[in-house]
Amino acid sequence: WRNSRPACRVVGYRTGGAALADWTAALLLVYPPPTAMAADALAGYRGRLVLYAGEPRGGANGSRDFFDALDRDFFLEQTLPLDPFPGGIEKLYVFRRRRWWAWRGRVRAE
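Residues numbered from 1 in each chain as written. Predicted model: local features only at pLDDT ≥ 70, side-chain atom pairs only at ≥ 80, totals over all residues. Heavy atoms only, no water.

## With respect to the packing of aromatic side chains
Piece 1. Enumeration over the complete set of coordinates arrives at five aromatic pairs.
Piece 2. Between the aromatic rings of Tyr-52 and Phe-67, the centroid separation amounts to 5.7 Å while the plane-to-plane angle is 85°, which identifies the pairing as edge-to-face. Placement of the pair is Tyr-52 in strand S2 (residues 49–54) and Phe-67 in helix H3 (residues 64–73), with a sequence separation of 15 residues. Accessibility assignment for this pair places Tyr-52 and Phe-67 in one class, buried. (Phe/Tyr/Trp six-rings, centres within 6.5 Å; stacked < 30°, edge-to-face > 60°. Helix = DSSP H or I, 4+ residues; strand = E, 2+ residues; numbered from the N terminus. Buried < 20%, exposed > 50% of the residue type's maximum accessible area, 1.4 Å probe, protein only.)

Encoded structure:
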């Protein structure tokens, strides 16, 4: 382990800066609280891939603003099962950024 190199660079939410602006970086959010944290991280992220582990919209993770931003700027590419605690509904959601021409002028149906 002493001479091994990390497979990727890991940055903290508050110190991400340039890493969040790197379009080759992936954003991993694991059980984010229902506060502004996840929405703020997503707002500063310029990459193409978001990995979100948690409950779906309306659950214990993420805020309404976070899920609204995901709906607006990303599409759900894949959902993978996790092994949550008994009764848990958490999954790993893989989102990919929409192409600019796909969301330009888009109106969200309510």
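Let us keep going from here.
## Here we look at the pattern of salt bridges
Piece 1. In the structure shown here, the tally under the stated rule is four salt bridges.
Piece 2. One salt bridge in this structure joins Arg-57 and Asp-71, with 2.6 Å as the shortest N-O distance. Note that Arg-57 is positioned in the loop between S2 and H3 and Asp-71 in helix H3, a separation of 14 residues in sequence.
Piece 3. Overall, the relative accessible area of 37% leaves Arg-57 in the partly exposed class.
Piece 4. Accessibility expressed as a relative area gives 29% for Asp-71, which makes it partly exposed.
Piece 5. Ionic contacts of the salt-bridge type, sharing partners, join the residues Arg-57, Asp-68 and Asp-71 into one network. (Salt bridge = Lys/Arg side-chain N within 4 Å of Asp/Glu carboxyl O.)

## Remarks on a nonpolar patch on the surface
Piece 1. A contiguous nonpolar surface patch, about 360 Å² in accessible area, is contributed by Leu-28, Val-30, Tyr-31 and Leu-82.
Piece 2. Inspection of the secondary structure puts Leu-28 in strand S1 (residues 26–30).
Piece 3. Judged by its relative accessible area of 53%, Leu-28 is exposed. (Patch = residues over 30% accessible without salt bridge, like charges linked within 9 Å, V, L, I, M, F, W, Y side chains within 5 Å. Areas by Shrake-Rupley, 256 points an atom, 1.4 Å probe, with all protein chains shown as cover.)

## A short note on the environment of Arg-64
Piece 1. Mapped onto the fold, Arg-64 is located in helix H3.
Piece 2. Between the C-alpha atom of Arg-64 and that of Pro-34, which follows or precedes it by 30 residues, the distance is 8.2 Å.

Shape descriptors only; they carry no functional weight alone.
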